[in-house]
Amino acid sequence: MPADVTMDKIVSLCKRRGFIFPSSEIYGGLGSCWDYGPMGVELKRNVKNAWWRTIVQERDDVVGIDTSIMMHPAVWKASGHVDSFTDPLVECKSCHLRWRADEIENQKCPQCGGDLTEPRMFNLMFRTFMGPLEETASTVYLRPETAQGIFVNFENVVTTSRKKLPLGIAQIGKSFRNEITPGNFIFRTREFEHMELEYFVKPGTDDGWLDYWVKQRLDWYMSLGITKENLRLRQHGKDELAHYAKDCYDVEYLFPMGWSELEGIANRSDYDLTQHAKHSGKDLSYYDGQDGERYVPYVIEPSAGVDRSVLAFLVDSYHEEVVEGGNRVVLRLHPSLAPMKVAVLPLSRNERLSPLARDVYRRLCSSFMADYDDSQSIGRRYRRQDEIGTPFCVTVDFESLQDNQVTIRERDSLAQIRLPLEELDEALRAKLSGEAFDATTLWATREK
Ligand SMILES: [Zn+2]
């Protein structure tokens, strides 16, 4: 993270450019809830697509699933969440603010210095009622993780996918945790999105698979442009392991508030399948035809937060620099994550330019997320595209009307080249998938 990136700058950019707004803003907002705007929804979707492509699409040992948010209440009893998914809560006797006891340093209220109550255990699951009458309806929970939807479908998936272990089941979806102290923008929120993989393996091979997935996940963040120096691994101490975990690593990122968890990669052992077998009465063991053995698989779980990944990509790509005497803010997002891949900008709103520029836009928008902007000066429009991380701007000028060529400007180098319209689509496709912008390519050497 460049030294001058503060959370305030990220929050401000997100508001100004339509990435992220406070939820219910016209009513004063709702604590720790955020809405993704037109740019944010694209960025977030691109992050999820990149994960799904790496975890599911490009592997023959992982399949996807999409399970319901509300599940049978017995699931959460079996998983241990009803009894153990708690944080110690203390309340200030003076100002009545509530705090997590394990985050308090000197047993005094951080807000007013008042005395605190004894800690009591507070369950982080949101509860609601299923059915029309509250009195007779059953209590259900909003899931605090997507993992349990995978465990209870283990047998369904193994049977229908005809796959052998090791086998992964992946899911992306909303989770809910009634955090006592949410905060740091979209880092810790009560409603958030999970990207979880449960990778089922033969007991005894689990330690090796944990190492494997730790490396895979670190590589994934770096392959999408996160600076290596801003990532680190932290192994959980025995005293901080979750109730189901045999071993766990956090991938941490250097956020503006300091090193914080980006993703947890846990060895959940056979805890979940064993618990569900016990509580449901169903046999969830697996017959390994190759080894002629029956066993309850161990599970390696890389569990990432979509929202905190989005935040890490924003922070890591944020740069301020001086260009031609002016300040420029630019998001150097990986092209696959950038909300807009290309912007079509007529040099001015001149009526002679608009038809050609519109035509260029129409041609591109079926291939790429493309933006069309003809308001304000060209310089201001470039700045706007820089701030939302658009890798390429295509400018249509008066010369274009004569020679049917357009200018392409690259976001990071600010280099500009000119090329014929009929090559635009193919050239952008190549550049977006990593081909060098200048150097010896066909169109960099073309005469202007
Ligand atoms: Zn207080």
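Quantities reported herein were computed from a predicted structural model and do not represent experimental measurements.

Okay, the overall build of the protein chain next. Within the protein chain, the regular secondary structure consists of 13 helices and 23 strands. Along the first, second and third principal axes, the C-alpha set of the protein chain runs to 75 × 65 × 50 Å. A fraction of 64% describes how many contacts in the protein chain between residues 6 or more apart in sequence connect residues 24 or more apart. As displayed, the protein chain has an accessible area near 21400 Å², and 49% of this comes from carbon and sulfur atoms. Distance from the positive charge centre (56 side chains) to the negative charge centre (69 side chains) of the protein chain: 3 Å.

Ile-10, Phe-19, Trp-220, Tyr-221, Leu-311 and Phe-313 are the most contacted members of the largest nonpolar core, which has 58 residues in total. Setting aside chain neighbours within four positions, we find Leu-311 in contact with Met-7, Ile-10, Asn-184, Phe-185, Ile-186, Phe-187 and Phe-255. With 23 residues, the next largest nonpolar core counts Val-360, Phe-392, Val-394 and Leu-424 among its residues.

Tracing the chain through its elements places Asn-123 in strand E6 (residues 120-123). Only 3.0 Å separates the side chain of Asn-123 from the backbone oxygen of Val-82, close enough to count as a polar contact. When sequence neighbours within four positions are dropped, the list of residues in contact with Asn-123 reads His-81, Val-82, Phe-85 and Thr-86.

Let us look at the coordination of the zinc ion. The reference angle at a metal is 109.5 degrees if four donors form a tetrahedron and 90 or 180 degrees if six donors form an octahedron. With distances of 2.2 to 2.4 Å, the protein atoms coordinating the zinc ion are Cys-92 (SG), Cys-95 (SG), Cys-109 (SG) and Cys-112 (SG). Around the zinc ion sit four donor atoms, and with donor-metal-donor angles ranging over 101 to 121° the site reads as tetrahedral. Of note, the zinc ion draws all its donor residues from one chain, in the sequence arrangement C-x2-C-x13-C-x2-C. A residue pair is termed long-range when its members are at least 10 positions apart, and Cys-92 in the loop between strand E4 (86-91) and strand E5 (98-100) and Cys-109 in the loop between E5 and E6 qualify at 17 residues.

The next point concerns the packing of aromatic side chains. Within this structure, the stated rule accounts for 15 aromatic pairs. Consider the rings of Tyr-199 and Trp-213, whose centres lie 5.2 Å apart with planes at 65°: the pair is edge-to-face. Linking Tyr-199 in strand E10 (residues 191-201) with Trp-213 in helix H7 (residues 206-223), this pair joins segments that are 14 residues apart in sequence. Pair check on accessibility: Tyr-199 and Trp-213 agree, each one buried. On the numbers, 6.5 Å between centres and 35° between planes, the contact of Tyr-221 with Phe-313 is tilted. On the criterion of sequence distance, the pair formed by Tyr-221 in helix H7 and Phe-313 in helix H9 (residues 306-317) is long-range, its members being 92 residues apart. One aromatic cluster is present, formed by Tyr-199, Trp-209, Tyr-212 and Trp-213 through successive ring pairs. The residue whose ring lies beneath Arg-268 is Tyr-244, and the NZ or CZ to ring-centre distance is 3.8 Å. For Arg-308, the ring lying beneath its charged end belongs to Phe-187, and the centroid distance is 3.8 Å.

With that settled, consider empty space enclosed by the protein. Under the criterion given, the structure shown has one cavity of 30 Å³ or more. For the largest cavity, the calculated volume is near 30 Å³. What lines the largest cavity is simply Thr-54, Ile-55, Arg-59, Trp-213, Gln-216, Arg-217 and Trp-220. Of all the elements in the fold, those that place two or more residues in the lining of the largest cavity are helix H2 (38-57) and H7. A total of four residues in the lining of the largest cavity trace back to one element, the largest contributor, which is H7. Grouping the amino acids of the lining of the largest cavity by side-chain chemistry returns three nonpolar, two polar and two charged.

This model, assessed by the stated rule, comprises 44 salt bridges. Note that Lys-174 and Glu-191 form a salt bridge whose closest N and O atoms lie 2.7 Å from each other. Highlighted residues: Lys-174 in strand E9 (residues 167-176) and Glu-191 in strand E10, separated in sequence by 17 residues. The partner of Asp-359 in a salt bridge is Arg-363, and the shortest N-O contact between them spans 3.3 Å.

Now for the layout of surface pockets. Sizing a probe to match a water molecule and rolling it over the atoms shows the empty space that remains. Taken as a whole, the largest pocket encloses approximately 1300 Å³ of empty space. In terms of lining, the largest pocket is formed by 46 residues, of which the most central are Phe-85, Arg-177, Arg-188, His-236 and Glu-261. When residues of the lining of the largest pocket are traced back to their parent elements, those giving at least two are helix H4 (81-84), E4, E10, strand E12 (247-255), strand E13 (258-269), strand E16 (298-305) and H9. Here the residues of the lining of the largest pocket sort into 16 nonpolar, 12 polar and 18 charged. Of the volumes computed, that of the second largest pocket is approximately 270 Å³. Lining of the second largest pocket is provided by 13 residues; of these, Val-152, His-276, Ser-280, Lys-282 and Leu-284 occupy positions nearest its centre. Mapped onto the lining of the second largest pocket, the elements with two or more residues apiece are helix H3 (73-78), helix H6 (154-161) and helix H8 (271-280).

Here we come to unusual backbone geometry. Note that the residue after Leu-165, namely Pro-166, is joined by a cis bond; omega there is 0°. Among the structural elements, Pro-166 can be located in the loop between H6 and E9. With phi around 65°, Gln-107 is a residue other than glycine that occupies positive phi space. Mapped onto the fold, Gln-107 is located in the loop between E5 and E6. Accessibility expressed as a relative area gives 57% for Gln-107, which makes it exposed. Phi is positive for Asn-184, close to 60°, though the residue is something other than glycine.

Strand order in the open sheet formed by seven strands is E3-E9-E10-E16-E13-E12-E11, and the pairing between neighbours is mixed. The sheet is open, and its two edges are formed by strand E3 (62-64) and strand E11 (231-235), each paired on a single side. Across the sheet, the mean angle separating the axes of adjacent strands is 25° when strand polarity is ignored. Across 10 bridges, the pairing between E9 and E10 is antiparallel. Bridge assignment links Ser-175 to a residue of E10, and that residue is Phe-192. The strands that H2 touches are E3, E9 and E10; relative to E9, the one it contacts most, it runs at about 160°.

Cut-off values and rules
Residues numbered from 1 in each chain as written. Predicted model: local features only at pLDDT ≥ 70, side-chain atom pairs only at ≥ 80, totals over all residues. Heavy atoms only, no water. Helix = DSSP H or I, 4+ residues; strand = E, 2+ residues; numbered from the N terminus. Contact = heavy atoms within 4.5 Å. Areas by Shrake-Rupley, 256 points an atom, 1.4 Å probe, with all protein chains shown as cover. Lys, Arg positive; Asp, Glu negative; His and termini not counted. Charge placed at Lys NZ, Arg CZ, Asp CG, Glu CD. Core = buried A, V, L, I, M, F, W, Y, C linked by side-chain atoms within 4.5 Å. Buried < 20%, exposed > 50% of the residue type's maximum accessible area, 1.4 Å probe, protein only. Polar contact = N/O pair within 3.5 Å; in protein donor to acceptor, adjacent residues only side chain to side chain. Donors = N, O, S within 2.8 Å, 3.2 Å for Na, K, Ca; no water. Tetrahedral: all angles 85-135°; square planar, octahedral: opposite > 155°, others 65-115°. Phe/Tyr/Trp six-rings, centres within 6.5 Å; stacked < 30°, edge-to-face > 60°. Lys NZ or Arg CZ within 6 Å of the ring centre and 35° of its normal. 1 Å grid on protein atoms, 1.4 Å probe; cavity = no way out; pocket = protein on both sides within 12 Å on 5 of 7 lines; lining within 4 Å. Points joined across faces, edges and corners; volume = space filled by probe spheres on them. Nonpolar A, V, L, I, M, F, W, Y, C, P; charged D, E, K, R; others polar. Salt bridge = Lys/Arg side-chain N within 4 Å of Asp/Glu carboxyl O. Pairing = 2+ DSSP bridges. Axes fitted to C-alpha atoms, helices over the stretch in contact; angles between N-to-C directions.

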